[in-house]
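# Structure assessment
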Amino acid sequence: MRITNAMMTNTYLTNLNRASGKLTQYSQQLASGEAFLRASDDVTAATKSMLVYANLSRVKQYQDSVESAKAILTQTETSITEITNLVSRSYELGLKASNGVYSQSELESIVQELLEIKSEIVHSANTIFANVYIFGGANTTSAPFEIKVEDGKEVLYYNGYSIDELAKEENKEIYEKLIGDHIIHPIGYGENINISVNGIELMGVGEDNTFNILNNLISALRSADSEKIQEYTAQLQNKQDTMLSIQGTLGAKQNRLEYYAARLESDNYNFTVRYGDLTSVDTTELIVKYTAQELVYRAALSSAKYIVLDTLAAYL
Amino acid sequence: MSFKGLQIGLSGLITSQVQITTAGKNVSNANTQGYSRQTVITTPSEFNMGVKYVSTRQIRSYLKDNHFRVENSAYAKASVKADGLATLEDYLAEPSGYSINETLVKFFSAVADLSSDPTSLTARSQVVQTALNMTDAINNIYNKYIKYQSEIDDAIVFDVERINYLASKVSDLNRRIKFYEADGKEMANELRDQRNNFLDEISKYVNISVFENPDGTVRVEIGSRALIDDSGVHELQIVKKPNEIDGERDVSKIVWEDGEEVNITSGEIYGYIELRDGGGLLSSGNTAFGIPYFIDKLNTLARAIAININDLHSSGYTIPNEDNGYTSQTGIDFFAAKDGSSYISAKNITVSDVIIRNYYNIAASDTFVNETNKANNNILTKILDLQEGIDVTVDGVNIGNFHTYITQITSELGTVVSEAKTDLQAHESVLMAVENSRLSEMGVSIDEEMVNLIQFQAAYQAAARLITIINENLEILINRMG
């Protein structure tokens, strides 16, 4: 084959281009620290990284959700403990008063304390945490409990419904709806946790709700009816038990949330590591490649002066 | 003794001079694009009168020229496709911070935030803003693709004009070469080089076949119809045809004078056509992976997002506000078409006006909302679950979920780009080999020309020496004798 000058320069230029193209790619990767800029640089890694990225974001959403559920749960526990303590205290007071050895003025001071306790309980049941009324079910924007006076009698309203009325058969549907109403916290794909305790679960519905019992106890104390006092005190004990059992379920939910938090934490870690592996360059390997390529490029450059310039003309 | 020897010497001198001049011409054109080296044809003179100059001919292979042109067309097509597809990939911008996937992730994060606090106006406005960012990102890519498609169409028109111009040049050269070579002796070397250069350039734009006639003219065909023949140039014409993408402006179709479509199968223009019209393997038109294919994918994505989220959203209830007459509403779409059309696509997807007017119109709750019945987040959690589903369907097709689908588009485009790049490299190597093989024959080797020069100079010296000797002999004969 005849070798002509144009052939040599053509071939040389093409090879030089390829060498510098590779060098540019390596230096770009080194400078940016990213293994690829476009999917076509490494289709498998790039598309995997996109899915891992979406998964990672989903895991973060679950983590946020679990964190906020945990915070609300902790506040719920605190408030329920407060309310339980208040109910226990009124039970003790009722027990004390039913001994029947107290004078009317002493009974009146017990009444005063019970009035105090009553408003404390309603206040606690309207606890706001992070702008959310935690005992309001889905209603997080306005105080769930409200005391209205009807026919000279105090009636407790929950989300606009009288809780006395809610126990009635005709209101069953509304009751079911209210008790099932809550903010869902997603904690995994298709997995939700209901951490909210409804105010009506706490207070009970119908005539023998905590609020009514306290009111009844107060009027019994005022009329010094020891039989009634004993009756209502016994009812308070039942309420106390209900609250303790609610506290028990909250503990179980707390454990479940801890378990999910730990699992999501490990998911987050795995996805983050995987994302890093997929998208960032192996610097050591790349530097070695870069150095080798630089050598090739320099060799190609210096060969130019022999290939391109030298002809027989120079030696004649 | 006669003067015949002097004549022989003279013919040697003249021939060597012509040869030296030709070698000089070769050396000076060593780097001229498309120059084919020339050589002097000599023959022994009749009646023993020394050497006779016949002609200066170029050394060039018709076969290798044709081979080069076929590969040149293929390379130009591969180059246009690699460039064009890479541009599409750049516009898609996956994976990066400004991509659809990223805006989708941000949108769902905002929905998740709202889900933790469904009545928060701040969280609601975040949902609307991130949704708008996402629809903008989709609209933006669609618009860029359409703009790029029309740029490609313009490029086709420019190429056609260039082909017509080059064809007229070739036809002109045909005429001049025929005239120049009419006596059958000299070859129009330089004109032929020019014509070959023009033909090489045409082969960059479109697949051509070149046939040389005995009179030195060439006939040029595209898909077995003549572009250039004895009668001159049959110019390519542009007519309009409907765009492969519904509702976008008409594109150019290349036809002959009588309206028959030009059968283009390679070259830059074919690369452009594949990019412009390629609707994928299942399409009824061009089956390459071009802009219409990826627009179709974007449309599917936009529709999947809009239809699936709307389905859930329209079953939910809004929070009463001044916009809805303080009554909780249902049946409201989250996404709508910009132009009010009922068909949502990548071109027109946006957040519906109702939502933008009042953020409380985001229907988070699956039950009627009023004073006693507050908003829950059941609709939002269902929307969030779309992120992970594997059976999101749109227009009867299961697309997995939004993330897997956009990843699939990216992966397809990435694969097509990386294949196009590999293809380009392969064609580059082949073209270089063919070009080198052609240059090996027609190219100038300066070393060779130097050796030739030495040889021609030596021949000149020898011829001169002959003349001196004969001169001396004549002197002896004329002056010393007698």
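Residues numbered from 1 in each chain as written. Chains lettered and ligands numbered in written order. Predicted model: local features only at pLDDT ≥ 70, side-chain atom pairs only at ≥ 80, totals over all residues.

## Section: the sheet that holds strand β6 (residues 232–233) of chain B
Under the convention used in this document: Being paired, for any two strands, means DSSP has found at least two bridges between them. Strands here mean DSSP runs of E at least two residues long; helices mean DSSP runs of H or I at least four residues long; both are numbered from the N terminus.
The sheet built from four strands is open, its strands ordered β3-β4-β5-β6 (chain B) with antiparallel pairing. At either margin of the open sheet sits one strand with a lone partner, and together these are β3 (209–212) and β6 of chain B.

## Brief notes about the interface of chain B and chain A
Reports of interface size often rely on the accessible area that becomes lost once the parts have come together. We count it as follows: Two residues qualify as a contact pair if the distance between their C-beta atoms, derived from the backbone, is within 7 Å. Under this grouping Gly is polar, as are all residues other than the nonpolar Ala, Val, Leu, Ile, Met, Phe, Trp, Tyr, Cys and Pro and the charged Asp, Glu, Lys and Arg.
With 49 residues of chain B at the contact, the number on the chain A side is 45 residues. Secondary-structure elements contributing two or more residues to the side of chain B that touches chain A are α2 (62–92), α3 (100–116), α9 (378–385), α10 (402–442) and α11 (446–480) of chain B. Sort the elements by how many residues they give to the side of chain B that touches chain A and α10(B) lands first, with 17 residues. In the side of chain B that touches chain A, the residues fall into 15 nonpolar, 23 polar and 11 charged.

## Digging into the domain arrangement of chain A
The cut-off we apply is this: Note that the domain bounds reflect an automated or database-derived domain assignment.
Domain boundaries in chain A define domain 1 (5–33 + 282–315) and domain 2 (58–273). Here domain 1 of chain A and domain 2 of chain A have C-alpha centroids that lie 77 Å from each other.

## A few points about the domain arrangement of chain B
Residues and elements named next belong to chain B. The domains assigned to chain B are domain 1 (4–59 + 448–480), domain 2 (65–92 + 153–286) and domain 3 (103–143 + 291–412). Relative placement of domain 2 and domain 3: their C-alpha centres are 49 Å apart. Those elements giving two or more residues to the side of domain 2 that touches domain 3 turn out to be α2 and α6 (267–277). A breakdown of the residues in the side of domain 2 that touches domain 3 according to their chemical character gives five nonpolar, three polar and three charged.

## What about helix α9 (residues 283–307) of chain A?
For the record, the criterion: Between the first and last residue of a helix there are one fewer steps than residues, each counted as 1.5 Å, and that sum is the expected span. In this scheme every C-beta is placed from the backbone, and a residue whose C-beta has 20 or more other C-beta atoms within 10 Å is buried, one with 12 or fewer is exposed, and one in between is partly exposed.
Its 25 residues give α9(A) an end-to-end C-alpha distance of 35 Å, which sits within 8% of 36 Å, the value for a rise of 1.5 Å per residue. Within α9(A), only zero of the 25 residues are buried, which leaves the element largely exposed.

## What about the pairing of strand β3 (residues 145–150) of chain A?
Residues and elements named next belong to chain A. Pairing between β3 and strand β4 (residues 153–158): six bridges, direction antiparallel. Bridged to phenylalanine 145 within β4 is tyrosine 158. Connecting the antiparallel pair β3 and β4 is a turn made up of two residues, with aspartate 151 showing a positive phi of about 50°.

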